[in-house]
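Analysis of the macromolecular model
Here's the letter readout for the chains.
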Amino acid sequence: MALFLDCDGTLLDIAPTPNAVRVPNGLVELLKRIDDGLGGALAILTGRQLLEIDALLASTEWIGAGVHGSEMRHRVGGDILQIADGLPPALVESVVRRMPALPGVVVEPKGSGLALHYRQAPHLKSALEGELRALIAPYADSLVLCPGRKLFEVVPAGHSKGTALLALAQQPPFAGRRPIMIGDDIGDLPAFTAARHLGGYGFRVAGEAFGYDEVDFSGPTDVYAWLAALADAVSEQ
Ligand SMILES: O=P(O)(O)OC[C@H]1O[C@H](O[C@H]2O[C@H](CO)[C@@H](O)[C@H](O)[C@H]2O)[C@H](O)[C@@H](O)[C@@H]1O
């Protein structure tokens, strides 16, 4: 097995804002045990920047992909490679300039991507989507708008957690293993498809994106329990 894990909503409970997340006690140690047991075949595939994951899941700098596949780290502690260009500064400025008209919306610039969170202002969802679609229209060849859990993300076209999984699956120690991807959001769907394409599985976590009747895990607590059992199992091998 090679294990690919999403972060927010899968490892971490959803919080009101991106900075308010809490890392459960023992989670990092659990991931380290699994990583050891799997010979290093564990990666984090996230919409966040990898530097943020480094801060959250310290002290390891995990293998993985950030900003939906537009940045990657191929070995533990290795450099973060920028796979896609940064967003055009003019676009970021335009988005930030529109914020006073969208009170409660949180902007999260992420280098090659940008997230706009409406969790604190759900009534602005449609207005926000309309504004963003208009703002990125001039960049239709290079950028796409992706919905997620109470957010819209502007991300580089052609990159995803799926492209990241396929890239990592070609290198040791992931190559030749059956990939398992666990995620809770629309941005995880390409990685589910990639994992299945390689003979593996995509497991869904319940939340705003996937209903309770179509999931494998009821939430991060359920994922944690599964990871704990997996850590025991791979430690015994
Ligand atoms: O791929 P992920 O690791 O799951 O990242 C997806 C996005 O997660 C974060 O936003 C989400 O979590 C926030 C904290 O719980 C929550 O407030 C927000 O509503 C969620 O959408 C993160 O801020 C984004 O950058 C990620 O793309």
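Residues numbered from 1 in each chain as written. Predicted model: local features only at pLDDT ≥ 70, side-chain atom pairs only at ≥ 80, totals over all residues.

Observations regarding the pairing of strand β8 (residues 143-148)
Side chains on a regular strand alternate between the two faces of the sheet. Both β8 and strand β9 (residues 151-156) contribute to a ladder of six bridges, which runs antiparallel. When the sheet's bridge partners are listed, L145 is paired in β9 with V154. Linkage of β8 to β9, two consecutive antiparallel strands, is achieved through a turn of two residues, within which K150 is found at a positive phi near 55°. (Pairing = 2+ DSSP bridges. Helix = DSSP H or I, 4+ residues; strand = E, 2+ residues; numbered from the N terminus.)

Considerations on the domain arrangement of the protein chain
The domains assigned to the protein chain are domain 1 (2-83 + 159-236) and domain 2 (89-156). Its C-alpha centre places domain 1 at a distance of 25 Å from the equivalent point of domain 2. Across the contact, 19 residues belong to domain 1 and 17 residues belong to domain 2. Among the residues making up the side of domain 1 that touches domain 2, the classes are represented as six nonpolar, 10 polar and three charged. (Domains from an automatic or database assignment. Contact = placed C-beta atoms within 7 Å. Nonpolar A, V, L, I, M, F, W, Y, C, P; charged D, E, K, R; others polar.)

Notes on the site of the ligand
What surrounds the ligand is a group of 24 residues, the closest being C7, D8, P18, T46 and G47. For the shell around the ligand, the secondary structure elements donating two or more residues are β7 (114-117) and β9. When grouped by side-chain class, the residues that make up the shell around the ligand number eight nonpolar, seven polar and nine charged. In terms of domain composition, the shell around the ligand takes at least three residues from each of domain 1 (2-83 + 159-236) and domain 2 (89-156). (Near = placed C-beta within 6 Å.)

Regarding the sheet that holds strand β1 (residues 2-5)
Across the sheet, which stays open at both edges, the seven strands sit in the order β5-β4-β3-β2-β1-β10-β11 with mixed pairing between neighbours. Strands with a single pairing partner mark the edges of an open sheet, and in this sheet they are β5 (81-82) and β11 (201-204).

A look at the sheet that holds strand β6 (residues 106-109)
One open sheet holds the four strands; their spatial order is β6-β7-β9-β8, and the pairing between them is antiparallel. One side of each edge strand has no neighbouring strand; the edge strands of this open sheet are β6 and β8. Neighbour-to-neighbour, the strand axes of the sheet open up by a mean angle of 15°, direction not taken into account. Running over the sheet, helix α4 (residues 125-136) touches β7, β8 and β9 and is turned about 15° from β9. (Axes fitted to C-alpha atoms, helices over the stretch in contact; angles between N-to-C directions.)

Quick notes on the confidence of the model for the protein chain
When pLDDT is averaged across the protein chain, the result is 96; 100% of the residues are at 70 or more. At the level of chain-chain contacts, confidence expressed as ipTM amounts to 0.99, with global pTM at 0.98. (pLDDT = per-residue confidence, 0-100.)

Observations concerning helix α1 (residues 27-37)
All of the buried residues in α1 are L31, I34, D35 and G37. Projection of α1 onto a plane perpendicular to its axis shows the buried side chains occupying an angular sector of 165°, all on one side. Buried residues belonging to α1 abut β1, β2 (42-45) and α7 (220-236). Phi turns positive, to about 65°, at G39, one or two residues after α1. (Buried ≥ 20, exposed ≤ 12 C-beta atoms within 10 Å, placed from the backbone. Arc of directions from axis to C-beta.)

Quick look at unusual backbone geometry
Here A58 and S59 are connected by a cis peptide whose omega angle stands at 15°. Examined against the element boundaries, S59 turns out to sit in the loop between α2 (50-56) and β3 (64-66). Cis geometry marks the peptide bond from P172 to P173; its omega dihedral reads 0°. As for its placement among the helices and strands, P173 is situated in the loop between α5 (161-168) and β10 (179-183). Even without being a glycine, H68 presents a positive backbone phi close to 55°. Position of H68 relative to the elements: it lies in the loop between β3 and β4 (71-73). Here H68 falls in the buried class, since 30 other C-beta atoms lie within 10 Å of it.

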